[in-house]
Amino acid sequence: MLVEKSTLQRASLVEKSRQKPPERMRVLSDALKTSNYGSEPMLQNCGISISTGFTQVDGHVLPSPRVFNIFF
């Protein structure tokens, strides 16, 4: 049976199903810790190791490039 939902009900369902950044980071961190990718023999033979945590790096956002109109 198909039940129609009001706009508010649909918006509420969408909001509840959306992951917040801390929840998303927790899911990714848990997956990285439990994945055990580092035990893969081929990676070990190649000397590749995979950390079980994220690496934090400093960075900044570059400004948008300026566009110049040049007429000949």
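Coordinates for the structure precede this section.
Here the residue index of a chain counts from 1 through its sequence in written order. Two thresholds apply to this predicted model, a pLDDT of at least 70 for residue-level local features and 80 or more for giving and counting side-chain atom pairs, whereas whole-chain, interface and lining totals are computed over all residues. Derived side-chain values reflect all non-hydrogen atoms in the structure, with water molecules and hydrogen atoms excluded from consideration.

Next up on the list: the overall build of the protein. Helix and strand definitions follow DSSP, with helices as H or I runs of at least four residues and strands as E runs of at least two, each counted in order from the N terminus. Tallying secondary structure elements over the protein gives three helices and zero strands in all. Element order for the protein, N to C, with α for helix and β for strand: α-α-α. Remark: exposure states derive from per-residue accessible area (1.4 Å probe, protein chains only) relative to the maximum for the residue type, with buried under 20%, exposed over 50%, and partly exposed in between. Out of the 72 residues in the protein, the part that is buried amounts to 4%. Each accessible area value is a Shrake-Rupley result obtained with a 1.4 Å probe; residue values ignore everything except the protein chains displayed when judging cover. As presented, the protein carries roughly 7,500 Å² of accessible surface, and 60% of it is formed by carbon and sulfur atoms.

This part is about helix H2 (residues 21-35). The span one expects for a helix is its residue count, reduced by one, times 1.5 Å. Under the 1.5 Å per step criterion, the end-to-end length of H2 is 21 Å for 15 residues, consistent within 8% with the ideal 21 Å. Taken from the residues just after H2, Asn36 is the one with a positive phi, measuring 60°.

So, about the pattern of salt bridges. The rule for a salt bridge is simple: a side-chain nitrogen of Lys or Arg has to be within 4 Å of a carboxyl oxygen of Asp or Glu. Applying the stated rule across the entire model yields one salt bridge. Asp30 is the partner of Arg26 in a salt bridge, and the nearest nitrogen-oxygen pair spans 3.7 Å. In this pair, Arg26 and Asp30 are both assigned in helix H2, four residues apart and thus about one turn of the helix distant.

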